[in-house]
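Listed below are the residues making up each chain.
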Amino acid sequence: MSKAFTKENDAAPGDDEDDGPSLPALPKGSRNYMTPAGYARLRAEFMQLLDVERPKIVETVSWAAKNGDRSENGDYLYGKKRLREIDRRLRFLTKRLDIAEVVDPSAHHGSDQVFFGATVTYANAKGEERTITIMGIDEADSLAGEVSWVSPIARTLLKAREGDELQLVTPVGVETIEVVEVRYPKPGA
């Protein structure tokens, strides 16, 4: 059957539905806050894909296309699939980097109030302490104790000060937490 009569997807040309939510979506109308290190990591990934990986795959696909029957050519088929993945990721990174607002948390060094980039230690009613760092959506890693600034815990903590008691809404109910310590990186560190 001719490819002209196959339906690949319902998305209109130009729709970025295929970009897939590899990371959480930004709240409507909000900014994409990032730390300088997070911005640098995303930019490095973008440049690696654009300058290194994509040219290698294009070369492989070009070589494989010259080898004849493309329908059974693994290098060609895999290469085309990988190119689509790289292009999708490049579009996603371009959008995120374009709207990024880099915020240096060290500007608040010495403050006891919670802002973006703070490392906050808080305790629940049982006295159990937990330490988190409030990061951008694209850079937060929950396994490393980093949470996105749009997460429920971060939204509860933002603008609070050391010693404040707050009400955190959780799936099992409302929990009272107390801000124990607020830290920021030193300027230039």
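Structural data are supplied above this passage.
Nothing here was measured: the structure is a model prediction, and the numbers come from that model.

1. Some points on the overall build of the chain
Then step 1. Helices and strands together make up the secondary structure of the chain, namely 3 helices and 7 strands.
Then step 2. Buried positions account for 33% of the 189 residues belonging to the chain.
Then step 3. Sequence-distant contacts, at least 24 apart, represent 59% of the contacts inside the chain between residues at least 6 apart.
Then step 4. A total accessible area of about 12000 Å² is found for the chain, and carbon and sulfur atoms account for 52% of it.

2. Some thoughts on the pairing of strand β6 (residues 165–170)
Then step 1. In this sheet, strand β7 (residues 173–183) lies alongside β6 in antiparallel orientation, the contact comprising 6 bridges. Bridge pairing in β7 links Glu 165 to Glu 178.
Then step 2. A loop of 2 residues connects β6 with β7, the two strands running antiparallel in sequence.

3. A look at the sheet that holds β7
Then step 1. Within the open sheet, the 5 strands sit side by side as β5-β4-β3-β7-β6. Their pairing is mixed. Only two strands of the sheet have a single neighbouring strand rather than two, namely β5 (146–148) and β6. Ignoring which end each strand starts from, the neighbouring axes of this sheet average 45° apart.
Then step 2. Of the strand pairs in this sheet, strand β4 (residues 129–135) and β5 are connected by 3 bridges, and their pairing is parallel. Along β5, the bridge assignment pairs Ile 134 with Val 147.

4. Points about the packing of aromatic side chains
Then step 1. Across all of its chains, the model carries 2 aromatic pairs by this definition.
Then step 2. With centroids separated by 5.9 Å and ring planes inclined at 45°, the aromatic side chains of Tyr 33 and Phe 116 adopt a geometry described as tilted. With Tyr 33 in strand β1 (residues 32–34) and Phe 116 in the loop between β2 (100–102) and β3 (119–124), this residue pair connects regions lying 83 residues apart in the sequence.
Then step 3. Given the relative accessible area of 24%, Tyr 33 is considered partly exposed.
Then step 4. Where Tyr 33 meets Trp 149, the ring centres are 5.2 Å apart and the plane angle is 75°; that geometry is what we call edge-to-face. Linking Tyr 33 in strand β1 with Trp 149 in the loop between β5 and α3 (152–157), this pair joins segments that are 116 residues apart in sequence.
Then step 5. In this structure Trp 149 comes out as buried when scored by relative accessible area, which is 10%.

5. Quick word on the pattern of salt bridges
Then step 1. Tallied over the entire structure, the rule returns 9 salt bridges.
Then step 2. A salt bridge links Arg 41 to Glu 139, with the nearest nitrogen and oxygen atoms 3.7 Å apart. With Arg 41 in helix α1 (residues 36–65) and Glu 139 in the loop between β4 and β5, this residue pair connects regions lying 98 residues apart in the sequence.
Then step 3. For the salt bridge of Asp 112 with Arg 161, the shortest nitrogen-to-oxygen distance reads 2.8 Å. You can see Asp 112 sitting in the loop between β2 and β3 and its partner Arg 161 sitting in the loop between α3 and β6, a full 49 residues away along the chain.
Then step 4. Its relative accessible area of 30% is what places Asp 112 among the partly exposed residues.
Then step 5. Among the residues examined, Arg 161 registers a relative accessible area of 37% and is labelled partly exposed.
Then step 6. The network of salt bridges with shared partners includes Glu 53, Lys 81, Arg 82 and Glu 85.

Conventions adopted
Residues numbered from 1 in each chain as written. Predicted model: local features only at pLDDT ≥ 70, side-chain atom pairs only at ≥ 80, totals over all residues. Heavy atoms only, no water. Helix = DSSP H or I, 4+ residues; strand = E, 2+ residues; numbered from the N terminus. Buried < 20%, exposed > 50% of the residue type's maximum accessible area, 1.4 Å probe, protein only. Contact = heavy atoms within 4.5 Å. Areas by Shrake-Rupley, 256 points an atom, 1.4 Å probe, with all protein chains shown as cover. Pairing = 2+ DSSP bridges. Axes fitted to C-alpha atoms, helices over the stretch in contact; angles between N-to-C directions. Phe/Tyr/Trp six-rings, centres within 6.5 Å; stacked < 30°, edge-to-face > 60°. Salt bridge = Lys/Arg side-chain N within 4 Å of Asp/Glu carboxyl O.

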